[in-house]
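So you can see what is in the structure, the chains are spelled out below.
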Amino acid sequence: MSKNFYVVGVTCFFAGANMRVLDPLLAVIGNDFGTVATDAAVAVTSFSISYGLFQFVYGPLSERLGKIEVMLGASVLAALMSLICSRADSLLELTFLRFLTGAGVGGLIPLGLAWVSDNTQVNERQTGLARLIAFVMLGTIFGPASSGIISDYFGWRLVFEMYCYFFIFNAMLLLNVIRKKSISQGKGFDREVWSFFKQINLLRDRWVRSVLLTVFIEGALFHGCHTFVGTFLQEKFGISISLAGLMVAGFGIGAILYTFCVRYLVNSLGQTGLVLWGGIVLFVSYLIMPLVPRWYFCSLVIVISGFGFFMFHNTLQTCSSEMFPKYRGIALCLHGFCMLAGTAFGVTISAFLISHFSFTVSYFFSAVGLLVLAIVFQRILRQRLTNC
């Protein structure tokens, strides 16, 4: 792997960490602003909506200016907004600032995936994408674990200030790559594709619609419920924010374990097998999570769910990378939009189910939905591979 790959990997590490930074903090932030965790989750929703919407900007912009160049600008925006988040005086203000932070972070992981897809042979692409996702998952481990510990000892505001410095450091790394001219500049770009409606027209392809709709539903069912894992652990077992954050980080450990097995799994199960077994693992994990009698057993369930999620999701990433080979920046940004739009929708649904029913109902709903989704997409993917 080249030095540039590691720079892109560090970028995705910080982005992944920031995406999950609020998971163990919802209860304490809600308490500070005089509300409850499910209401404080609006800050997560605003971040997800912004992250998703700005994919329609970052995709075409990356094709025009270059993926690394656009990632540099996005890092600077994320740094500035993270600093201002640390000064928020109300939940409404924090929600708005997280919306702007999402606008910055949204230009990192999808373009990182697009860059790897551009620089990897198709037969090695699923492995290459999985290696990059390992950096993202290390971030998802670091994000909730560190935010929980820092919040316990120094308060949640210092967490956001820390990310300001992280993103500044990341911007310096990207700027160094650009200065060395070791990355090609933006390629010639069809101006018509810049149009929002032209991008939407790409959805006329039935296969594209199938992939992106699956990504949306997956994000809603999995991340919508997963956002409240930290709150669930604190309320059910009475554990500290620090411990809850460390346990939530187990999701990333499961995903990293997947990256070590990805080549073997692709060769033995194929893409269709990965989708089906990923759905089965998620179904079992979410079904038993609210029934586990001891908090330490939940840690194992979270790790397993991370493994199962990326069996499914890594296959979707690979499918997305081949939707528009000429414009992978746009393709992976559309993928990112659907994932984060789904997450925003799912957080709202999960918050409703938890508030009006229970965590158990929310987990059961997601478990059944993920299994059905996996079965349906496996059949679609098998038909696609057979016809090709």
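Residues numbered from 1 in each chain as written. Predicted model: local features only at pLDDT ≥ 70, side-chain atom pairs only at ≥ 80, totals over all residues. Heavy atoms only, no water.

Peer 1: Which residues make up the nonpolar core, and what values go with them?
Peer 2: Membership of the largest hydrophobic core comes to 125 residues, with the highest contact counts inside it found for Leu 22, Leu 233, Met 289 and Phe 377. Discounting residues that sit within four places of it in the chain, Phe 377 has contacts with Trp 207, Ser 210, Val 211, Thr 214, Val 275, Phe 312, Leu 316 and Cys 319. (Core = buried A, V, L, I, M, F, W, Y, C linked by side-chain atoms within 4.5 Å. Buried < 20%, exposed > 50% of the residue type's maximum accessible area, 1.4 Å probe, protein only. Contact = heavy atoms within 4.5 Å.)

Peer 1: Could you give an account of the packing of aromatic side chains, with specific residues and numbers?
Peer 2: Counting across every chain of the model gives 24 aromatic pairs. A centroid spacing of 5.1 Å and a plane angle of 15° characterise the contact between Phe 14 and Phe 166, whose relative ring orientation is stacked. Residue Phe 14 is found in helix 1 (residues 3-19), and its partner Phe 166 is found in helix 10 (residues 156-179); the two are separated by 152 residues along the sequence. In this pair, the class of Phe 14 matches that of Phe 166, namely buried. Look at Phe 222 and Phe 309: their rings are 4.4 Å apart centre to centre, the planes differ by 25°, and that puts the pair in the stacked class. Residue Phe 222 is located in helix 12 (residues 206-226), and its partner Phe 309 is located in helix 16 (residues 295-321); the two are separated by 87 residues in the primary sequence. (Phe/Tyr/Trp six-rings, centres within 6.5 Å; stacked < 30°, edge-to-face > 60°. Helix = DSSP H or I, 4+ residues; strand = E, 2+ residues; numbered from the N terminus.)

Peer 1: Describe the pattern of salt bridges, listing the residues and the values that go with them.
Peer 2: Counted by the stated rule, this structure contains 1 salt bridge. Measuring nitrogen to oxygen at the nearest pair gives 3.6 Å for the salt bridge that ties Arg 87 to Glu 161. With Arg 87 in the loop between helix 6 (67-85) and helix 7 (91-105) and Glu 161 in helix 10, the pair connects residues that are 74 residues apart, well separated along the chain. Taking the relative accessible area as the measure of exposure, Glu 161 reaches 23% and is therefore partly exposed. (Salt bridge = Lys/Arg side-chain N within 4 Å of Asp/Glu carboxyl O.)

Peer 1: An account of the side chain of His 335 is requested, with residue identities and associated values reported.
Peer 2: Residue position: His 335 is located in helix 17 (residues 328-356). A polar side-chain atom of His 335 sits 2.8 Å from a polar atom in the side chain of Ser 320. Look past the residues within four positions of His 335 in its chain and what remains in contact with it is Leu 212, Val 215, His 313, Leu 316, Gln 317 and Ser 320. (Polar contact = N/O pair within 3.5 Å; in protein donor to acceptor, adjacent residues only side chain to side chain.)

Peer 1: Which residues make up the confidence of the model for the chain, and what are the values?
Peer 2: Predicted confidence across the chain gives a mean pLDDT of 83, with 94% of residues reaching 70 or more. Element-level mean pLDDT values for the chain span from 64 in helix 11 (residues 196-201) up to 92 in helix 6. (pLDDT = per-residue confidence, 0-100.)

Peer 1: Lay out the packing of helix 13 (residues 229-237) against helix 16 in plain terms, naming residues and giving numbers.
Peer 2: Where helix 13 meets helix 16, the closest approach of the two axes is 11 Å, and the angle between their N-to-C directions is 160°. Between helix 13 and helix 16, the angle falls in the class roughly antiparallel. Of the two elements, helix 13 crosses helix 16, and the hand of that crossing is right-handed. Contacts between helix 13 and helix 16 involve Val 229, Leu 233 and Phe 237 from the first element and Trp 295, Cys 298 and Ile 302 from the second. A breakdown of the residues in the contact of helix 13 with helix 16 according to their chemical character gives 6 nonpolar, no polar and no charged. (Axes fitted to C-alpha atoms, helices over the stretch in contact; angles between N-to-C directions. Parallel < 35°, antiparallel > 145°, perpendicular 65-115°, else oblique. Left-handed = near helix turned anticlockwise from the far one by under 90°. Nonpolar A, V, L, I, M, F, W, Y, C, P; charged D, E, K, R; others polar.)

Peer 1: Could you give an account of helix 16, with specific residues and numbers?
Peer 2: Over its 27 residues, helix 16 extends 38 Å from the first C-alpha to the last, a length consistent with the 39 Å expected when each residue adds 1.5 Å. At Phe 310, helix 16 is bent by approximately 25°, the largest bend along its length. Among the 27 residues in helix 16, 20 count as buried, and that is most of the element. (Expected span 1.5 Å × (residues − 1). Bend = angle between axes of the 7 residues up to and from the residue.)

Peer 1: I'd like a description of the packing of helix 16 against helix 17, backed by residues and values.
Peer 2: Geometrically, a packed helix pair is captured by the angle between its two axes and the distance between the axes. Relative orientation of the contacting elements helix 16 and helix 17 amounts to 145°, with a least axis distance of 8 Å. Helix 17 is crossed by helix 16, and the crossing has right-handed handedness. Within the contact between the two elements, helix 16 uses Phe 309, His 313, Leu 316, Gln 317, Ser 320 and Ser 321 and helix 17 uses Arg 328, Ala 331, Leu 332, His 335 and Met 339. The residue inventory of the contact of helix 16 with helix 17, partitioned by class, reads 5 nonpolar, 5 polar and 1 charged.

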